[in-house]
Amino acid sequence: MSFLASIFKPLIYVSLPVFALKTFADSNPVARYYVRLGLYLSTLGVCSVWGVICSIGMGLTGRRFDVFYVVARSFYFLASRMIDIRLVVEGEEYLETRPSVLVGNHQSMVDILYLGRIFPRRASIMAKKELQWSPLLGQFMTFAGAVFVDRGNNARAVRSLTAAGEIMKERNSSLWLFPEGTRSMRPYPDMLPFKKGAFHTAIQAQVPIVPVVCENYWRLYRNGVFDSGTLKVKVLPPIPTTGLTTADVAALAVRVHDLMVETLREISVPPPPGSEPKPAELSVSASPLPTSVPVPAQTAPIPSEPEQVRTESRASTNTSENSITSSPVLTHSRMDGSEYGTETEEDDGMVLVGRPSR
């Protein structure tokens, strides 16, 4: 009897607080938001510690390039049950393409959940060089084979991205990036214009690009809302870069962007009525313009209806909208005044953890 008590007593002590939290969360939406947010962030913390342990153990056994896979699956296993959000994946077989550059849309920190579900074996992430010296996190990422990029300026960033491609081919591994460069959560399915870093890396290494699209989840997660549900993730067929040169980087970025936006709208739940932006509020097309050709600031022609549709697929946030309007050739210059600090056009895509915007 004492043996059974020693087993069930700890379970009771743990289950009672969990049951109380669940009951409290179900009582009203505000409580549910903060309870689930707390559980989600706590799971991130637990898995960070688990990542350090895995990176050391698996590094010693010669499996360091599978560390992100193990930690990602562990996070999804725990977090999906904590917040009751599950993912259905289509085209998962394309994730086994190696070496390749994997690119995904970036809405919020909840993207880490879909990364946990789909992150493949022998894959790593790209991170800014400064993170390499962060306590615990830096050691975990180094042991796990993360590729660190110097983002100090465009020239150094390009050299780092080229080196990243060579490292990827040498390891026969894949590299994950968020080409938008920052979060783009909004009520309607759309994406920010892409930065060129991921495409520069893929072309330099002559490896395919594998686009990954997670449906718009505004209905489940935003400021003050954290609900349960099922999300769709669609992995698109690899896009080859064989024979392409650096002159094709901009065109490739636009092509992949438009393909991913089309897929995002296809798999997402229709947005609430009135949430879509008016054509007058949309930003200028993100297609890069040559810096050597001056563009008059007030002589841009009014787009025809088809061009408006194309422009809408590359709608930007208010910050990027204002920047592009004031300087048509800004896409080739250093981007200052970003919400997350100074960024370069060859910036890598990072997972930004924080509360959602309103």
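It should be noted that the structure appears before, not after, this text.
Residues numbered from 1 in each chain as written. Predicted model: local features only at pLDDT ≥ 70, side-chain atom pairs only at ≥ 80, totals over all residues. Heavy atoms only, no water.

Caption draft 1: Broad picture of the nonpolar core. Residues Tyr40, Leu113, Tyr114, Ile118, Trp176, Tyr221 and Phe226 are the most contacted members of the largest nonpolar core, which totals 51 residues. Elements with a minimum of two residues in this core: helix 2 (29-60), helix 3 (67-83), strand 1 (85-90), helix 4 (111-118), strand 3 (123-128), helix 5 (137-143), strand 6 (209-214) and strand 9 (229-235). Discounting residues that sit within four places of it in the chain, Tyr114 has contacts with Leu87, Gly104, Asn105, Trp176, Phe178, Val212, Cys214 and Val233. Judged by nonpolar contacts, the second largest core, of 29 residues, contains Val149, Met168, Ala202 and Ile267. (Core = buried A, V, L, I, M, F, W, Y, C linked by side-chain atoms within 4.5 Å. Buried < 20%, exposed > 50% of the residue type's maximum accessible area, 1.4 Å probe, protein only. Helix = DSSP H or I, 4+ residues; strand = E, 2+ residues; numbered from the N terminus. Contact = heavy atoms within 4.5 Å.)

Caption draft 2: Representation of a nonpolar patch on the surface within the structure. On the surface, Val46, Phe77 and Leu78 cluster together into a nonpolar patch covering about 270 Å² of accessible area. Residue class for Phe77 comes out partly exposed when judged on its relative accessible area of 47%. (Patch = residues over 30% accessible without salt bridge, like charges linked within 9 Å, V, L, I, M, F, W, Y side chains within 5 Å. Areas by Shrake-Rupley, 256 points an atom, 1.4 Å probe, with all protein chains shown as cover. Salt bridge = Lys/Arg side-chain N within 4 Å of Asp/Glu carboxyl O.)

Caption draft 3: Region of the structure containing the side chain of Asp111. On the secondary structure map, Asp111 appears in helix 4. Put simply, Asp111 is tucked away with no salt bridge, and the nearest opposite charge, on Arg183, sits 8.1 Å away. Looking at Asp111, its side chain comes within polar contact range of the side chain of His106, at 2.6 Å. Setting aside residues no more than four positions away along its own chain, Asp111 makes contact with Asn105, His106, Phe178 and Tyr217. (Lys, Arg positive; Asp, Glu negative; His and termini not counted. Polar contact = N/O pair within 3.5 Å; in protein donor to acceptor, adjacent residues only side chain to side chain.)

Caption draft 4: Spatial organisation of the pattern of salt bridges. All told, the structure shown has 7 salt bridges when counted by the stated rule. Note that Arg117 is salt-bridged to Glu92, the shortest N-O span being 2.9 Å. With a gap of 25 residues between them, Arg117 in helix 4 and Glu92 in the loop between strand 1 and strand 2 (100-104) connect regions that are remote in the sequence. The shortest N-O distance in the salt bridge between Arg98 and Glu96 comes to 3.4 Å. Relative accessible area serves as the criterion here: at 46%, Glu96 is assigned to the partly exposed category.

Caption draft 5: Quick peek at the packing of aromatic side chains. Following the criterion strictly, the structure yields 9 aromatic pairs and no others. Plain terms: the ring middles of Tyr40 and Phe75 are 5.5 Å apart, the flat faces sit at 80 degrees to each other, and that makes the pair edge-to-face. Pair noted here: Tyr40 is in helix 2 and Phe75 is in helix 3, with a separation of 35 residues, a long-range link. The exposure class of Tyr40 is buried, given its relative accessible area of 0%. Grouping aromatic residues by their ring pairs yields a cluster made of Phe68, Tyr114, Phe119, Trp176 and Phe178. For Arg81, the ring lying beneath its charged end belongs to Phe77, and the centroid distance is 4.1 Å. (Phe/Tyr/Trp six-rings, centres within 6.5 Å; stacked < 30°, edge-to-face > 60°. Lys NZ or Arg CZ within 6 Å of the ring centre and 35° of its normal.)

Caption draft 6: Representation of the pairing of strand 3 in the model. Strand direction decides the pairing type here: strand 3 and strand 5 (residues 174-177), joined by 3 bridges, are parallel. The partner of Ser124 across the bridge, within strand 5, is Leu175. Strand direction decides the pairing type here: strand 3 and strand 4 (residues 147-149), joined by 3 bridges, are parallel. For Lys128, the partnering residue across the bridge sits in strand 4 and is Val149. (Pairing = 2+ DSSP bridges.)

Caption draft 7: Inspection of the environment of Gly57 at higher detail. You can see Gly57 is positioned in helix 2. A relative accessible area of 33% places Gly57 in the partly exposed class. Residues Gly57 and Phe143, 86 residues apart in the sequence, show an inter-C-alpha distance of 9.7 Å.

Caption draft 8: Just unusual backbone geometry, in detail. The omega angle of the peptide bond from Arg98 to Pro99 is -10 degrees, so this bond is cis rather than trans. Following the sequence through the fold, Pro99 ends up in the loop between strand 1 and strand 2. In this model, Arg122 sits at a positive phi of 50 degrees, which is unusual for a non-glycine residue. Mapped onto the elements of the fold, Arg122 is located in the loop between helix 4 and strand 3.

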